[in-house]
Amino acid sequence: MSPENRTVAVEEELTSVEENLAAGRALIDLGLLRPAMTRVYYAVFHAARALLFAEGLESPHQGTLEERPSADRFGSSPNPMKVFCTS
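Presented here is a report on the structure given in the accompanying data block. (Residues numbered from 1 in each chain as written. Predicted model: local features only at pLDDT ≥ 70, side-chain atom pairs only at ≥ 80, totals over all residues. Heavy atoms only, no water.)

**Let's talk about helix 1 (residues 3-29)**
- With 27 residues, helix 1 should cover 39 Å at 1.5 Å per step; its first-to-last C-alpha distance of 39 Å lies within 8% of that length.
- Looking only at helix 1, the buried set comprises Ala9, Val10, Glu13, Ser16, Val17, Asn20, Gly24 and Leu27.
- If you follow the buried residues of helix 1, they end up packed against helix 2 (33-54).
- Phi turns positive one or two residues past the end of helix 1, at Gly31, with a value near 80°. (Helix = DSSP H or I, 4+ residues; strand = E, 2+ residues; numbered from the N terminus. Expected span 1.5 Å × (residues − 1). Buried < 20%, exposed > 50% of the residue type's maximum accessible area, 1.4 Å probe, protein only. Contact = heavy atoms within 4.5 Å.)

**A few points about the packing of helix 1 against helix 2**
- Contact geometry of helix 1 with helix 2 gives a least axis separation of 8 Å together with a crossing angle of 165°. Here helix 2 runs roughly antiparallel to helix 1, going by the angle between their axes. At the point where helix 1 passes helix 2, the crossing takes the left-handed sense.
- Tallied by class, residues from the contact of helix 1 with helix 2 come to 17 nonpolar, 4 polar and 4 charged. (Axes fitted to C-alpha atoms, helices over the stretch in contact; angles between N-to-C directions. Parallel < 35°, antiparallel > 145°, perpendicular 65-115°, else oblique. Left-handed = near helix turned anticlockwise from the far one by under 90°. Nonpolar A, V, L, I, M, F, W, Y, C, P; charged D, E, K, R; others polar.)

**Thoughts on the packing of aromatic side chains**
- Taken as a whole, this structure holds 2 aromatic pairs when the rule is applied.
- For the ring pair Tyr41 and Tyr42, a centre distance of 5.1 Å and an interplane angle of 80° mean the geometry is edge-to-face.
- The interplanar angle of 85° and the centroid separation of 6.3 Å between the aromatic rings of Tyr42 and Phe45 together place this pair among those described as edge-to-face. Of the two residues, Tyr42 and Phe45 both sit in helix 2, 3 residues apart, roughly one turn of that helix.
- Among the aromatic side chains, those forming a connected cluster through ring pairs are Tyr41, Tyr42 and Phe45. (Phe/Tyr/Trp six-rings, centres within 6.5 Å; stacked < 30°, edge-to-face > 60°.)

Shown next as structure tokens:
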């Protein structure tokens, strides 16, 4: 990721932090604690992603395609494109 893209990614993640915290506060004010907890969780999640991007690391929470010659789940022919989630 280029330095410019990294800066944009950090800014986008921090915007998500602010939005999720604002939503969490509003939900708390309405007495909706469980939904507020999910918003706070996502605020922390996006803060962690911002930190990873700022440090030049890719976020581990995304689906990726990896080309690798592995047998499928039944052990027959190789599956060159395996979709997996790293989280």
